[in-house]
Amino acid sequence: MGQVYTVAVLVGSLRKASINRKVANALAELAPASLTLEIVEIGELALYNEDIDVDPPAAYKAFRDQLRASDAVLFVTPEYNRSVPGVLKNAIDVGSRPYGQSSFAGKPGAVISVSPGAVGGFGANHHLRQSLVFLDVPCMQQPEAYVGGAATLFDEHDKLSEKTRPFLQSFIDSYAAWVARHLG
Ligand SMILES: Cc1cc2nc3c(=O)[nH]c(=O)nc-3n(C[C@H](O)[C@H](O)[C@H](O)COP(=O)(O)O)c2cc1C
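One numbering rule holds for all chains: residues counted from 1, following each sequence as written. Local features in this predicted model are restricted to residues whose pLDDT is 70 or higher, and side-chain atom pairs enter the listing and the counts only when it is 80 or higher, whereas totals over whole chains, interfaces and linings include all residues. Water and hydrogen atoms play no part in the side-chain values, which are based on all heavy atoms of the structure.

Moving on, we get to the UniProt feature "domain: NADPH-dependent FMN reductase-like" (unreviewed entry) in the protein chain. The feature "domain: NADPH-dependent FMN reductase-like" (unreviewed entry), as given by UniProt, occupies residues 6-150 in the numbering adopted here. Annotated as residues 6-150, this span is 32% helix and 17% strand, and its ends, taken at the C-alpha atoms, are 27 Å apart. UniProt positions are given in the numbering used here, feature names are shortened, and annotations may be inferred rather than shown by experiment. Secondary structure follows DSSP: runs of H or I at least 4 residues long count as helices, runs of E at least 2 residues long count as strands, and numbering of each begins at the N terminus.

Right, here's the structure in full:
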């Protein structure tokens, strides 16, 4: 059996019925055998504050440990006000510290934005990429993934639309190749 890489998946929505979380779960199922996707929860992270980071809260430590233990990082996010939801930006800020010990550095990444709107979260997707440049996360360029019209992606049994499945399959297959290229 070949190398298997662990991918930390950060979902930019805390909603129980989040479409982005459903997409993250669908990607975990579609992923080839070389990738294991695990959602890393971000909802319990206190708003980043350098004062409390002098003696980091348990949630900060657990989050950083989970990121460090993973080989790669995948972002699945909605767009809030044409940008990255605060909860996801907060998680990025927590993971990026202590200074010089970022848990993200060098981990091959990818971004998929998912929105019921027509532009598919383009603004969030690209604002996120701006942070990833600084965090030294080599981010997959193609295929770009701005998934719009997402209200109908899943039926009432949470089954993924057959129309979108091939795109998500090609996205995760390309990401597996990207990860292998960087870590193999
Ligand atoms: C505060 C807020 C801001 C939003 N801003 C945008 C936006 O800029 N662009 C967009 O396409 N959708 C926007 N939406 C709609 C979200 O894309 C929609 O709620 C989506 O379903 C959220 O993803 P989720 O289903 O994974 O929770 C916004 C929603 C909220 C709550």
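Let's shift gears to the packing of helix α2 (residues 58-69) against helix α3 (residues 86-95). Lines fitted to the C-alpha atoms define the axes, with helices restricted to the stretch that makes contact. Angles between their N-to-C directions range from 0 to 180 degrees. Two elements in contact, α2 and α3, have axes whose closest approach is 9 Å; the angle formed by their N-to-C orientations is 80 degrees. Between α2 and α3, the interaxial angle falls into the category roughly perpendicular. Where α2 abuts α3, its residues Tyr-60, Phe-63, Arg-64 and Leu-67 lie against Ala-91, Val-94 and Gly-95. Amino acids outside the nonpolar list (Ala, Val, Leu, Ile, Met, Phe, Trp, Tyr, Cys, Pro) and the charged list (Asp, Glu, Lys, Arg) are all regarded as polar, and Gly is one of them. Residue composition of the contact of α2 with α3, grouped by class: five nonpolar, one polar and one charged. Comment on the angle field: the value is read as roughly parallel under 35 degrees, roughly antiparallel over 145, roughly perpendicular from 65 to 115, and oblique elsewhere. The contact criterion used is simple: two residues touch if any of their non-hydrogen atoms lie within 4.5 Å.

Bringing the packing of helix α1 (residues 19-30) against helix α5 (residues 165-183) into the picture now. Interhelical geometry of α1 versus α5 gives an angle of 65 degrees and a closest axis separation of 9 Å. Our classification of the angle between α1 and α5 gives roughly perpendicular. Both α1 and α5 take part in a crossing whose hand is right-handed. Along its contact with α1, which presents Val-23, Ala-26, Leu-27 and Leu-30, the element α5 presents Arg-165, Leu-168, Gln-169, Phe-171 and Ile-172. Two helices crossing with the near one rotated counterclockwise from the far one by less than a right angle form a left-handed crossing, whereas a clockwise rotation gives a right-handed crossing.

Let's shift gears to the site of the ligand. It suffices for a single heavy atom of a residue to lie within 4 Å of a molecule or strand for the residue to be listed as near it. Near the ligand the following residues occur: Ser-13, Arg-15, Ser-18, Ile-19, Asn-20, Pro-78, Glu-79, Tyr-80, Asn-81, Arg-82, Ser-115 and Pro-116. Between an oxygen atom of the ligand and a side-chain N or O atom of Ser-18, the distance comes to 2.6 Å. We call two N or O atoms a polar contact when they sit within 3.5 Å, provided that within protein one can donate a hydrogen and the other can accept it, with sequence-adjacent residues counted only if both atoms are side-chain atoms. Separating an oxygen atom of the ligand from a side-chain N or O atom of Asn-20 is a distance of 2.8 Å. Here the open area of atoms and residues is found with the Shrake-Rupley method and a 1.4 Å probe, where only the protein chains shown may cover a residue. When the ligand sits alone it has 620 Å² of accessible area, and the protein chains cover 70% of it. For the shell around the ligand, the per-class residue count stands at four nonpolar, five polar and three charged.

What counts as a salt bridge is simple: a side-chain nitrogen of Lys or Arg found within 4 Å of a carboxyl oxygen of Asp or Glu. Taken as a whole and assessed by the stated rule, the structure comprises eight salt bridges. Here Arg-64 and Asp-53 are joined by a salt bridge, their closest N and O atoms 2.9 Å apart. Taken as a pair, Arg-64 in helix α2 and Asp-53 in the loop between β2 (35-39) and α2 lie far apart in primary sequence, 11 residues in all. The class of Arg-64 is buried, set by a relative accessible area of 4%. Across the pair Lys-159 and Glu-162 runs a salt bridge, and its minimum N-O distance is 3.0 Å. Here the term buried applies to any residue with accessible area under 20% of the maximum for its type, exposed to any over 50%, and partly exposed to those in between, with areas from a 1.4 Å probe on protein chains only. Taking the relative accessible area as the measure of exposure, Glu-162 reaches 48% and is therefore partly exposed. Through salt bridges with shared partners, a single ionic network connects Lys-159, Glu-162 and Arg-165.

What follows concerns the sheet that holds strand β5 (residues 146-147). Across a sheet, strands are paired by hydrogen bonds formed along the backbone, either parallel or antiparallel in direction. Ordered in space as β2-β1-β3-β4-β5, the five strands form an open sheet in which the pairing is parallel. In the strand order of this sheet, the two ends are held by β2 and β5, each with one partner. Its contacts with the sheet put helix α4 (residues 122-134) on β3 (72-77), β4 (109-114) and β5, and the angle it makes with β4 is roughly 160 degrees. By this definition, two strands are paired if DSSP reports at least two bridges between them.

This next bit is on the packing of aromatic side chains. Whether two aromatic rings pair depends on their centres lying within 6.5 Å, for rings of Phe, Tyr and Trp, where Trp uses its six-membered ring; planes under 30 degrees apart make the pair stacked, over 60 edge-to-face, and the rest tilted. This model, assessed by the stated rule, comprises three aromatic pairs. Both rings, one in Phe-122 and one in Tyr-146, keep their centres 5.0 Å apart while their planes meet at 55 degrees; by these two values the pair is tilted. On the criterion of sequence distance, the pair formed by Phe-122 in helix α4 and Tyr-146 in strand β5 is long-range, its members being 24 residues apart. Judged by its relative accessible area of 42%, Phe-122 falls in the partly exposed class.

Within strand β1 (residues 5-11), six of the seven residues are buried, which leaves it mostly tucked inside the rest of the structure. In the sheet, β1 pairs with β2 via five bridges, with the strands oriented parallel. For Val-7, the partnering residue across the bridge sits in β2 and is Leu-37. When the strands point away from the viewer, a crossover counts as right-handed if the route from the first strand across the helix to the second turns clockwise. With α1 bridging β1 and the parallel β2, this β-α-β connection has right-handed handedness. Two elements, β1 and β3, share five bridges in a ladder whose sense is parallel. Considered in β3, the bridge of Val-9 is made with Leu-74.

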